[in-house]
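Take a look at the letters that make up each chain.
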Amino acid sequence: MSDPTDRLPPLNALRAFEAAARRLSFTQAAEELNVTPGAISQQIRQLEEYAGTPLFKRTGRSVLLTDAAQASLPLVRDAFERISEAGRIMQAPARKGRVMVSSAPSFAAKWLAPRLDGFHRDHEDVEAWISADMGLTDFTTADADFAIRYGRGNYDGLKSEKLMDETVLPVCSPALLDGPDAIRKPSDLRHHTLIHDESNENDPSCPDWASWLRARNVTDADGSRGPRFNQAILVIEAAAAGRGVALAKRAIAAADLASGRLVAPFADGSHLIDFGYWIVYPKGRHLTPDVRNFIKWLKAEATNSEVVGV
């Protein structure tokens with residue numbers, strides 16, 4: 001007769017535990033798993049009965065992990081990642097000819113989407129599906145082969161491959177290069193509206209308008225004025241519409257610079273920043289030949305996408 005302590009814990013309860021432990025909230029776990037908070041509580045009680053010990057400390061509306069829960073959580077997450085990966089391998093024949101990529105909306109719309117026709121011309125039997133998401137991809141729940149993230153490349157449990165660096169530079173409509181207040185040098189910006197990128201990526205090395213102007217000894221332009229947008233794509237569209245001069249990310253502005261909707265008025269206006277774009281996926285993930293070919297194509301496009309000022 002087998003030892004009853006060798007039996008597997010209830011898998012649905014483990015899923016509820018993993019979500020609640022990651023979020024430190026039964027309510028948020030319920031929203032993620034599309035069940036009620038009461039169902040989460042019931043699953044947790046079932047798992048605690050199995051374990052013979054409490055897994056959460058209830059403190060008002062929030063919860064904390066006990067030592068037993070804290071020690072077991074990494075193993076539970078790893079187990080679900082392995083189960084998920086096993087499922088992906090089983091589905092490989094059905095997924096043939098399809099690559100699923102998660103990316104931030106601005107990067108997806110302004111850098112990735114304009115280039116996809118080139119990939120499809122060379123790989124007619126492969127479809128690229130792009131999911132534009134503001135939040136970070138959770139590979140335990142998302143149906144994505146890999147994600148493109150903006151940051152320093154350090155992500156727990158994920159393998160990171162550098163796609164490209166990022167620089168910040170002033171861009172504007174070509175119309176602002178003409179007329180009585182034509183932009184010729186940085187000090188001319190005092191006559192123009194400055195557009196600010198307030199997107200949520202927090203890179204301390206990224207200059208704002210005040211520091212960009214200060215580095216170029218411009219003292220008669222107010223770097224704090226002007227409209228602010230919380231997505232890089234809105235910054236680009238405002239600049240292209242002639243609303244002012246934007247301090248923009250090069251990759252997000254690349255397509256509009258290439259088409260002539262935008263110009264970079266200063267040849268020496270670029271500033272290399274610490275953050276860049278990374279291809280990320282779970283360690284140990286099996287990448288199909290279609291996915292590997294797409295990643296190879298992405299890296300080639302990144303190498304060829306350098307933009308210079310006019």
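In the nomenclature of an unreviewed UniProt entry, the protein chain corresponds to LysR family transcriptional regulator from the organism Hyphomonas atlantica. According to the UniProt record, the Sequence similarities (unreviewed entry) comment for the protein chain is "Belongs to the LysR transcriptional regulatory family."

(A) Up close: the overall build of the protein chain. Per the secondary structure count, the protein chain includes 10 helices and 10 strands. Against the compact-globule benchmark of 19 Å for 310 residues, the protein chain has a radius of gyration of 24 Å, which places it well outside the compact range. Each principal axis of the C-alpha distribution contributes one length, and for the protein chain these read about 90 × 50 × 30 Å. Evaluated residue by residue, the protein chain yields a buried proportion of 45% over its 310 residues. Once local pairs closer than 6 in sequence are excluded, the contacts in the protein chain between residues at least 24 apart make up 79%. When the accessible area of the protein chain is evaluated, it comes to approximately 16300 Å², of which 51% is carbon and sulfur surface. Taking the average location of the 37 positive side-chain charges in the protein chain and that of its 41 negative ones, the two points are 1 Å from each other.

(B) A look at the side chain of Arg 285. Following the sequence through the fold, Arg 285 ends up in the loop between β10 (271-282) and α10 (289-303). Among the polar contacts made by the side chain of Arg 285, one reaches the main-chain carbonyl oxygen of Asp 145 at a distance of 3.2 Å.

(C) Local environment of the sheet that holds strand β9 (residues 245-249). Within the open sheet, the 8 strands sit side by side as β4-β3-β5-β10-β6-β9-β7-β8. Their pairing is mixed. Each edge of the open sheet is held by one strand with a lone partner, namely β4 (127-132) and β8 (228-229). For strand β7 (residues 194-197) and β9, the ladder comprises 2 bridges, and the chain directions are parallel. Across the sheet, Ile 195 pairs through a bridge with Ala 246, a residue of β9. Here helix α8 (residues 232-240) sits on the sheet in contact with β6 (158-171), β7, β8 and β9, set at roughly 165° to β7. Packed onto the sheet, α10 meets β3 (98-103), β4, β5 (146-151), β6 and β10 and runs at close to 30° relative to β6.

(D) Here's a closer look at the UniProt feature "domain: HTH lysR-type" (unreviewed entry) in the protein chain. Sites flagged by UniProt as "domain: HTH lysR-type" (unreviewed entry) map to residues 9-66. This span, residues 9-66, is 62% helix and 14% strand, and a straight line between its end C-alpha atoms measures 18 Å.

(E) Region of interest: helix α5 (residues 105-112). When you tally the buried positions in α5, you get 6 out of 8 residues, the bulk of the element. Every buried residue of α5 is accounted for by Ser 106, Phe 107, Ala 108, Lys 110, Trp 111 and Leu 112.

(F) Region of the structure containing the pairing of β6. When you tally the buried positions in β6, you get 10 out of 14 residues, the bulk of the element. Here β6 runs beside β10; their pairing, made up of 9 bridges, is antiparallel. By the bridge assignment, Ser 160 is partnered in β10 with Val 280. Looking at chain direction, β6 and β9 are connected through 4 bridges and run antiparallel. Among the inter-strand pairings, Val 171 is bridged to a residue of β9, identified as Ala 246.

(G) Region of the structure containing the side chain of Ser 187. Inspection of the secondary structure puts Ser 187 in the loop between β6 and β7. On the basis of relative accessible area, Ser 187 is assigned to the buried category, the value being 19%. In contact with Ser 187, other than residues within four places in its own chain, are Val 218 and Asp 220.

(H) Representation of the pairing of β3 in the model. The buried fraction of β3 is high, at 5 of 6 residues. In terms of strand pairing, β3 meets β4 through 6 bridges, oriented parallel. Along β4, the bridge assignment pairs Met 100 with Trp 129.

(I) A look at the pattern of salt bridges. This structure, assessed with the given rule, holds 18 salt bridges. The residue Asp 256 makes a salt bridge to Lys 110 at a minimum N-O spacing of 2.9 Å. Of this pair, Asp 256 sits in helix α9 (residues 250-259) while Lys 110 is found in helix α5, placing the two residues 146 residues apart along the sequence. For Lys 110, a relative accessible area of 10% translates into the label buried. Residue Asp 197 is joined to Lys 249 by a salt bridge in which the shortest nitrogen-to-oxygen separation is 2.9 Å.

Parameters and conventions
- Residues numbered from 1 in each chain as written.
- Predicted model: local features only at pLDDT ≥ 70, side-chain atom pairs only at ≥ 80, totals over all residues.
- Heavy atoms only, no water.
- UniProt positions renumbered as here; feature names shortened; annotations may be inferred.
- Helix = DSSP H or I, 4+ residues; strand = E, 2+ residues; numbered from the N terminus.
- Rg over C-alpha atoms; globule rule 2.2 N^0.38 Å.
- Buried < 20%, exposed > 50% of the residue type's maximum accessible area, 1.4 Å probe, protein only.
- Contact = heavy atoms within 4.5 Å.
- Areas by Shrake-Rupley, 256 points an atom, 1.4 Å probe, with all protein chains shown as cover.
- Lys, Arg positive; Asp, Glu negative; His and termini not counted.
- Charge placed at Lys NZ, Arg CZ, Asp CG, Glu CD.
- Polar contact = N/O pair within 3.5 Å; in protein donor to acceptor, adjacent residues only side chain to side chain.
- Pairing = 2+ DSSP bridges.
- Axes fitted to C-alpha atoms, helices over the stretch in contact; angles between N-to-C directions.
- Salt bridge = Lys/Arg side-chain N within 4 Å of Asp/Glu carboxyl O.

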